[in-house]
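Understanding the architecture of this molecule
The residues making up each chain are set out below.
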Amino acid sequence: MALKALKALMVDVDGVIVTHADPKGWSANMEADLGLSPQALQDAFFAPHFGDIIHGRARLHDRLGPVLAQIAPHVTSQALANYWFEQDGHLDHDLLEQLAAVRARGIELHLATVQEHERADYLWTKMALKDRFDAIHYAAALGHAKPALEFYREIEARTGFAPSELFFIDDKAANVQAAQACGWAAAVWTGQERLAALMAKAGV
């Protein structure tokens, strides 16, 4: 892909612009802070319900509230969501600066992420990513999650960009491979290389 053809850079959120010092992620201290076991939450909420929520078939609080009433009645769904979103909000400012330099060259920046509606709004408004990116495309709004090819095709349909006009970074190889299968230029983001080097390797 020639540089002149690149119209937009699609960027994953978790593991890319949002990172964690603790490998356990946002719930590392949840039991100490809220008296709620991460494993209990995984078993009672995430495993049975989050697929529907991520794909936009159910709303977060409609499923989370009843679960918490059973396993942790002292924690409201809004309190847990507030804790989750705040703990899951550590931005990689170095990467954001690199992305800003790309945007300054006239290339649009879009988020392409697996989120439900509540956290997507938190990322976009509360964390002010709307000031750094041109658009957000997320699973619950698209009706598809990575690495399903429909996720990428729906983004193309909504933006009007051709596959050859897009470059994508994600921390998961399967998601990058799916983008490439759709004709996007894409690279796995590890944080070990500069963005410009990854773009050059991908031919953009």
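Structure: see above.
**A few points about the nonpolar core**
Core analysis: the largest hydrophobic core is formed by 56 residues, its most contacted members being L9, I17, L41, L99, F133 and F167. Ignoring sequence-local partners within four residues, the contact set of L41 consists of W26, M30, L36, F46, L64, L68, I71 and L80.

**Structural notes on the pattern of salt bridges**
Oppositely charged side chains can pair when the atoms bearing their charge come close. With the rule as written, the count across this model stands at 15 salt bridges. With a shortest N-O distance of 2.8 Å, D12 and K146 are connected by a salt bridge. Placement of the pair is D12 in the loop between β1 (8-11) and α1 (30-34) and K146 in the loop between α7 (139-142) and α8 (149-159), with a sequence separation of 134 residues. Of the residues examined, K146 reaches a relative accessible area of 10% and is grouped as buried. Connected via shared salt-bridge partners are D12, K146 and D170.

**A short note on the packing of helix α3 (residues 60-71) against helix α4 (residues 77-87)**
It is the contact of α3 with α4, at a shortest axis distance of 9 Å, that shows an interaxial angle of 110°. It follows from the interaxial angle that α3 and α4 lie roughly perpendicular. Like other packed secondary-structure pairs, α3 and α4 cross with a definite hand, here right-handed. Seen from α3, the contacting residues are L60, H61, L64, G65 and L68; seen from α4, they are S77, Q78, L80, A81, W84 and F85. Within the contact of α3 with α4, the residues separate by chemical class into seven nonpolar, four polar and no charged.

The rules behind each value
Residues numbered from 1 in each chain as written. Predicted model: local features only at pLDDT ≥ 70, side-chain atom pairs only at ≥ 80, totals over all residues. Heavy atoms only, no water. Core = buried A, V, L, I, M, F, W, Y, C linked by side-chain atoms within 4.5 Å. Buried < 20%, exposed > 50% of the residue type's maximum accessible area, 1.4 Å probe, protein only. Contact = heavy atoms within 4.5 Å. Salt bridge = Lys/Arg side-chain N within 4 Å of Asp/Glu carboxyl O. Helix = DSSP H or I, 4+ residues; strand = E, 2+ residues; numbered from the N terminus. Axes fitted to C-alpha atoms, helices over the stretch in contact; angles between N-to-C directions. Parallel < 35°, antiparallel > 145°, perpendicular 65-115°, else oblique. Left-handed = near helix turned anticlockwise from the far one by under 90°. Nonpolar A, V, L, I, M, F, W, Y, C, P; charged D, E, K, R; others polar.

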